[in-house]
Amino acid sequence: MARADAFDTVYAAQYASLVRLAYVTVGSMPAAEDVVQDVFVEWYRRIDQVEAPVAYLRKAVVSRCSSWVRRRILERRHASTLDQTPAVPPDPGIVAVRAAMARLAPRYRMALFLRYYLDLSVAEVAEALDCPLGTAKSLLHRGLAHLQAQLEDR
Amino acid sequence: MISEERVAELIRTSVDAIPVKAPPPATLRARAAARRRRGPERAARMWPVALAAAAVATVLAATVALPGPSTAPGEESTTYRLPRVLAGAAGVTTTVAQDPPGRAIALFAQGGHYIVLATDGVTYRRFDDQNGAALLSPDGLTVVLTNPSRTTEQADVVDLRTGQAQRYSFEPPLALRPLAWSPDNRRVAFATQATATEKGAGPAGVSVLDLDTRRFVQVADPRPDTGNGLVQAAFAATGSAVLASAGAEDGCTLRLYQVDPPKPAEPVTVNGPVERCREVVTLGLNTLSTSLLIAAGERYGNIWRLNFRGDWLGQNGAVPSSMPLSSGDRLLGWNGGDGVYLTLGNGVAEFSLTGNGFDRMLSFPTGSDGLTDFQFATDLVPESTVFDVDAGGWPWSLRRTAAVAFLLLVAAANVLVLRRARTRRAYG
């Protein structure tokens, strides 16, 4: 039961933010839910072996989202499909931020999400993205500049 | 400029607005449990891997067990076989260097290359060198390669068991044409010219290379006024003396040169192997008996009659009578008894010297006009049998290449299958 309790606790605390992270990256709610649920399922199977579950889950979601995006790029070369997006509140500010984020490459979106939504340090962002600290800094700097420029133009 | 804090706030607001409905955690735990139970099913999905492993094992086994005689590099056949019909260049699959044939029973030139036939009677290998001259040793293990059309300071001797050439150097530079191997496979006699002439015609000396000591000794100087004939030579049975003719020379004078130890030439006059003999064009000594000499003579490479002489070393017994030949026929060697091997038209025959006619041994392939300079490993042929043999198995290098190519194909196919399976699972 201890395993189930530990799972439920982490699940309740992290599921929504991880789905949002996945959604920001992949741009599709069903795909984001699939990715995150799959990651939780895998984590539960080896829950005794994972010491830092939150970091593990975050890293796994980033990794799977990156794979998903790569596959998606390949698929889009052959087929054109519209993403199923969640109901968007009719707030023009939110629409503008989403539009600006959508214009960024997925990796920039992930970096900005981790830094500004989850309030992670730059080092934690680098760990989650599995990249050097300098790369994470660069992603954040450029992503932020791009976003600022986009929102300025609005 | 919008501040970083403002951007962060906008991001948070924007992302918080994304509605997320979490399924009950028990659902995911149940999925994890189900996945654990499906372990055996997942193992069953490993069939592509198992298939690949089986394919690898099959290919490896097939590589070793493909039909046909063994053609592992340098491996010898334990019996000596001759094909009833020579495959010629059509049977060549690779080179001596790539896949050494081991002991060879014959050598010939075709299509600008020298080709050896292994003792299994089906394995043909090509030498890369073109426009040269080659001579197969009596035991079939070695081939000496030279280029008579240019002067050089070295001669290559190829070991057919390894495919490796050993280089023998000498001075000064000479144009070399190999003439004869000693019966013990230790020495090679060459016609030598300081300046190469067309097809080696004209005056030439005779030198002997000792493979054991690596000494290269000139035993006979070029004789002037010998026309455009070709110098010929044959070793005595002991391998310590060379009998040589000097080219086109009235009376067909033969001279005996001691090689070990060197002695001044002893002329042996042959009173005309054929009427009005001007040039000894083929010369052979019976390597089993020290007493019998073959000297076939005529000019310009045309042999009309084989003549046998036995008086030069005190021949006892009857000397075989002359044997008429057709133009283009060549002496290949003795059969170890009372017969000789000769090229006869478009094949090779064994002639009895006791008047019992001849047996055709093998035929050259149809349309093989370009097949020249056929040679036998004369020690092996008397022990060989003639077979109707099929084409040889794949050479070792081709088997390896085919196996690797097949394995790569299998691996690629498995990667494709696994990726497609994963994609299908990922998208339900």
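Residues numbered from 1 in each chain as written. Chains lettered and ligands numbered in written order. Predicted model: local features only at pLDDT ≥ 70, side-chain atom pairs only at ≥ 80, totals over all residues. Heavy atoms only, no water.

For chain B, an unreviewed UniProt entry supplies the name WD40-like Beta Propeller Repeat and the organism Asanoa hainanensis.

Identification of chain A as RNA polymerase sigma factor, sigma-70 family from Asanoa hainanensis is taken from an unreviewed UniProt entry. Looking at chain A in UniProt, the text filed under Sequence similarities (unreviewed entry) is "Belongs to the sigma-70 factor family. ECF subfamily." (UniProt positions renumbered as here; feature names shortened; annotations may be inferred.)

In an α-helix, one turn spans 3.6 residues; hence positions three or four apart end up facing the same way. Residues and elements named next belong to chain A. In this model helix H1 (residues 2-26) runs 33 Å from its N-terminal to its C-terminal C-alpha over 25 residues, within 8% of the 36 Å that 1.5 Å per residue would give. Gln14 marks the point of greatest bend in H1, at about 45°. Just downstream of H1 lies Gly27, where phi reads positive at about 75°. (Helix = DSSP H or I, 4+ residues; strand = E, 2+ residues; numbered from the N terminus. Expected span 1.5 Å × (residues − 1). Bend = angle between axes of the 7 residues up to and from the residue.)

A word on the interface of chain B and chain A. At the junction of the two partners, chain B supplies 30 residues and chain A supplies 39 residues. For the pairing of chain B and chain A, the buried interface totals around 3400 Å² over both sides, and the portion due to carbon and sulfur atoms is 64%. Remark: the boundary between chain B and chain A carries three salt bridges. Here Asp38 of chain A and Arg31 of chain B are joined by a salt bridge, their closest N and O atoms 3.6 Å apart. Inspection of the chain B/chain A interface yields nine residue pairs in polar contact (both at pLDDT 80 or more). Where the side of chain B that touches chain A is concerned, the elements lending two or more residues are helix H1 (4-16) and helix H2 (25-37) of chain B. Broken down by element, the residue count for the side of chain B that touches chain A peaks at ten residues, all from H1 of chain B. Of the residues contributing to the side of chain B that touches chain A, the split by class is 19 nonpolar, three polar and eight charged. (Contact = heavy atoms within 4.5 Å. Buried area = accessible area lost by both parts, 1.4 Å probe. Salt bridge = Lys/Arg side-chain N within 4 Å of Asp/Glu carboxyl O. Polar contact = N/O pair within 3.5 Å; in protein donor to acceptor, adjacent residues only side chain to side chain. Nonpolar A, V, L, I, M, F, W, Y, C, P; charged D, E, K, R; others polar.)

Before going further, it helps to spend a moment on the side chain of Asn335 of chain B. Take Asn335 of chain B: it is sitting in the loop between strand S21 (330-334) and strand S22 (339-343). A distance of 2.8 Å separates the side chain of Asn335 of chain B from the side chain of Glu350 of chain B, its partner in a polar contact.

Let's shift gears to the packing of H1 of chain A against helix H2 (residues 29-45) of chain A. Residue and element names in this part refer to chain A. Orientation of H1 relative to H2, taken along the N-to-C sense of each, is 150°, at an axis distance of 8 Å. On the basis of the axis angle, H1 is roughly antiparallel to H2. Along this stretch, H1 crosses H2, giving a crossing that reads as right-handed. (Axes fitted to C-alpha atoms, helices over the stretch in contact; angles between N-to-C directions. Parallel < 35°, antiparallel > 145°, perpendicular 65-115°, else oblique. Left-handed = near helix turned anticlockwise from the far one by under 90°.)

The next subject is the sheet that holds S21 of chain B. All names here are of chain B. Within the open sheet, the four strands sit side by side as S21-S22-S23-S24. Their pairing is antiparallel. Strands at the two margins of the open sheet, each flanked by one partner only, are S21 and strand S24 (358-363). This sheet shows a mean twist of 25° between the axes of neighbouring strands, independent of strand direction. As paired elements, S21 and S22 share four bridges and run antiparallel to each other. Note that in S22 the partner of Leu331 across the bridge is Leu342. (Pairing = 2+ DSSP bridges.)

Following the UniProt record, one finds the feature "transmembrane region" (unreviewed entry) at residues 46-66 and 401-418 of chain B. Within the segment residues 401-418 of chain B, helix and strand shares are 100% and 0% respectively, and the terminal C-alpha atoms sit 26 Å apart.

This part covers the packing of helix H7 (residues 133-153) of chain A against H1 of chain B. Each packed pair of helices is defined by two parameters, the angle between the axes and the distance between the axes. At their nearest, the axes of H7 of chain A and H1 of chain B sit 11 Å apart, and the two run at 85° to each other. By the criterion of interaxial angle, the relationship of H7 of chain A to H1 of chain B is roughly perpendicular. Contacts from Leu144, Leu147, Gln148 and Leu151 of chain A in H7 of chain A reach Glu4, Val7, Leu10 and Ile11 of chain B in H1 of chain B. Classifying every residue of the contact of H7 of chain A with H1 of chain B gives six nonpolar, one polar and one charged.

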